[in-house]
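Below are the chains, spelled out letter by letter.
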Amino acid sequence: MSPGVSVGTAYCIHEIFVNPDTKRLEDREITAELARYETARDRAAADLRALQRKVARQVGEAEAAIFAVHESILRDAAFTRKIRAWIVDDRLTAQAALHRLLEQYTELFSRANDGYLKERLNDIRDVVVRLSAHLSDVLKPESLALPSPLIVVADELLPSQVVALGKVDVRGIVTQTGSQTSHAAIIARSRGIPAVSGVRGIMRQVTTGDTIIVDGREGHVLVKPDPEVEAAYRKLEREFVHLKDELAANRDHPAVTSDGVHLELLANINSLADAKAARAMGASGVGLYRTEYLYLTHPNIPDEDEQFEAYRKIVAASPNRNVTIRTLDIGGDKTVPYLGHHYQEANPFMGWRSIRLSFEHPEFFNTQLRAVLRAAGEARQHGGSVRLLFPMITTLEEIRRVRGMVRRAGTQLAEEGKPFAMVPIGMMLEVPAAAVALDLMLDSVDFVSVGSNDLVQYLMAADRDNPKVSHLCQPLAPAVLRILHNVIRICLRAQKPITVCGEMAGQPKSFVLLFGMGLRSFSMSPALIPSVKEIASHLSELAARQILQEAMRLKTTASIKRYLDQQLGRIAPNLKLLDTV
Ligand code: PEP
Ligand code: MG
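Because the structure is predicted, anything quoted here is derived from the model rather than measured.

A. The sheet that holds strand β1 (residues 5–13), seen in detail. Taken together, the six strands give an open sheet; going across it, the order is β4-β3-β2-β1-β5-β6, and neighbouring strands pair in mixed fashion. Unpaired on one side and paired on the other, β4 (195–196) and β6 (220–223) mark the two borders of the sheet. As judged from the four bridges shared by strand β5 (residues 211–215) and β6, these two strands associate in the antiparallel manner. Opposite V214, over in β6, you have V221 as the bridge partner. Sitting on the sheet, helix α9 (residues 227–248) touches β1, β3 (170–175), β5 and β6, and the angle it makes with β1 is about 110 degrees.

Laid out in structure tokens, this is it:
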């Protein structure tokens, strides 16, 4: 969820698999529809060929081969014959024909009960989605002329869709899947847009054009509300906007507690726009730049110069040119086809993701490291500082390996005479094993950044994107608080810089506890910085320690939440609208 309230017009992004197009073509439309399909097919084929060339060059022939397979599916005579016949004989739109085709194949392959065929089905689905994207208006809401602002409703929102939506006035996001830390929610929060995820069945209840209310504080969504309800929410929405404006005014004030303790409030960013938002919201730097979004939203695979350019621009736009760049964190809920993720894993979050995947593609990884070191060189010339952060570190061996690879990238650049700078190297602490054995790893890293989104899901054995287990995936669970308290204590004792960059760092209740544990560096969605600054200004170290002590005595997540709600109501009652349940 992302806090706040908004009222707007629903804009539903239907997955082709969920909701087929039911329109029947008129006689005179058939030829044009066939031509539309041919154009989409040519464009999709061009995408695939470009991808194949680039992946072959930068990752390897084996990884690129999948795109040749996809192109052969696209060109397959039976595939094309069926689509054309349904457009002509049954008057289906090309979208609807694709939907029917996918249904047919799914039915056929599910009877086969064969792993190989299931994988082929994934390839067909991939091709259909690519074709469908070229055919549809999915990412062109402006062409629908809906009254602004829009509330986007989707099954799940892909990062590339969110980027495309950047052009329209989106004031709310509702998704059927996902939870507090799924990437759609994170992106919504980074933009300060109210959002609710995990709303089962919402796609059946709402149609594009309906008035819809998103209440990100309580996690409610109301479709076609009564006029009195709508009026009440419009009032709340005005208060929410007013509060945000008021708090944004404190952006030039330092982040200091009521008893004068200085805090480092950093931003989590995914894009250049976020870097600018970080500055606008008064962050003192970027604590987490998720580079995977560069790959996920890039039409092709970004090469070293493209990456260098992107990182350079992000560093230049970030507050104080102070940026912690995290290497590619693909896998789990974020996949790119050219990195071997076209086949579904049984347990993607515990599988081949993140640093594990980077190790398997050393040349590809090396390209990213070189681009970061070059951007670091330029940052240093302008008085900035770049750090490198590695995700999903589980063992000491991984840190040693990473250090070796960074050294190698530096040596190469030095030999080539390219300007660069070596940088501090940090581990993301998001695997419980690393938290338990942290003392063994600490000497080998320059800093630690706690990825609490993943740490919580792994510790609680509860998928961060599955609404059915979201009652377990809770950062305020006693077990989570204990492990965090311990990790922070170990780092403080060793004088190792530590930041928390998971979503909890910017949430009022957990912020108070983390501060009480001795944490001084917090990285969060830019939009949350003003409210955390405000809470800090009403909080002393002693008060936070006392609140922590009491919270650590409580035995359940629910009682901890209740207690913290009470305390926050006392400390900063004006911020109620910006909290979530
Ligand atoms: C985390 O896991 O807490 C984190 C910050 O990384 P991400 O949300 O990108 O997995
Ligand atoms: Mg993570």
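B. Molecular detail of the site of ligand 1. Of all residues adjacent to ligand 1, which total 16 residues, the nearest are R290, R326, G451, N453 and R464. N453 places a polar main-chain atom, nitrogen or oxygen, 2.7 Å from an oxygen atom of ligand 1. Between ligand 1 and D454, the relevant distance is 3.0 Å, taken from an oxygen atom to a side-chain nitrogen or oxygen of the residue. Within the complex, 100% of the 290 Å² of free accessible area of ligand 1 lies under protein. Of all the secondary structure elements, the ones that give two or more residues to the shell around ligand 1 are α7 (183–190), β8 (286–290) and α18 (452–460). Ranked by residues supplied to the shell around ligand 1, first place goes to α18 with three residues. By residue class, the composition of the shell around ligand 1 is four nonpolar, five polar and seven charged.

C. Just the pattern of salt bridges, in detail. Tallied over the full model, the rule gives 32 salt bridges. The salt bridge involving R91 is made with D27; its shortest N-O contact spans 2.5 Å. Taken together, the positions of R91 in the loop between α3 (77–89) and α4 (94–112) and D27 in the loop between β1 and α1 (30–58) put the pair 64 residues apart, joining distant regions of the chain. Residue classification places D27 among the exposed residues on the basis of a relative accessible area of 54%.

D. Structural context of the packing of helix α14 (residues 362–381) against helix α15 (residues 396–416). At a minimum axis distance of 9 Å, the contact between α14 and α15 shows a crossing angle of 65 degrees. Relative to α15, α14 is oriented so that their crossing is right-handed. In this structure, α14 uses P362, E363, F365, N366, L369, R370, L373 and R374 to contact α15, whose residues at the interface are M405, V406, R408, A409, G410, Q412, L413 and E416. When grouped by side-chain class, the residues that make up the contact of α14 with α15 number eight nonpolar, three polar and five charged.

About the thresholds
Starting from 1, residues in each chain are numbered consecutively following that chain's sequence as written. Chains and ligands are labelled sequentially in the order written, the chains with letters from A and the ligands with numbers from 1. Predicted model: local features are reported for residues with pLDDT of at least 70 only, side-chain atom pairs are reported and counted for 80 or more only, and whole-chain, interface and lining totals are derived from all residues. For side-chain calculations, the full set of non-hydrogen atoms in the structure is used, while hydrogens and water are omitted. By this definition, two strands are paired if DSSP reports at least two bridges between them. Numbering of helices and strands runs from the N terminus, with a helix taken as a DSSP run of H or I at least four residues long and a strand as a DSSP run of E at least two residues long. Contact criterion: two residues are considered in contact whenever any of their non-hydrogen atoms come within 4.5 Å of each other. For helices, the fitted line uses only the C-alpha atoms of the stretch in contact; every axis is such a line through C-alpha atoms, and the angle between N-to-C directions lies from 0 to 180 degrees. Residues are classed as near a molecule or strand on a simple rule: at least one heavy atom within 4 Å of it. The term polar contact refers here to a pair of N or O atoms within 3.5 Å; inside protein, the definition further demands a hydrogen-donor-capable atom paired with an acceptor-capable atom, and it admits residues adjacent in sequence only when both atoms are side-chain atoms. Note on areas: Shrake-Rupley, 1.4 Å probe, and residue coverage restricted to the protein chains presented here. Three categories are distinguished: nonpolar for Ala, Val, Leu, Ile, Met, Phe, Trp, Tyr, Cys and Pro, charged for Asp, Glu, Lys and Arg, and polar for the others, with Gly belonging to the last. Within this document, salt bridges are pairs made up of a side-chain nitrogen of Lys or Arg and a carboxyl oxygen of Asp or Glu, the two lying within 4 Å of each other. Exposure categories follow from relative accessible area, calculated using a 1.4 Å probe and restricted to protein chains: below 20% of the type maximum is buried, above 50% is exposed, and the middle band is partly exposed. Two helices that cross are described as forming a left-handed crossing if the nearer one is turned anticlockwise from the farther one by less than a right angle, and a right-handed crossing if clockwise.

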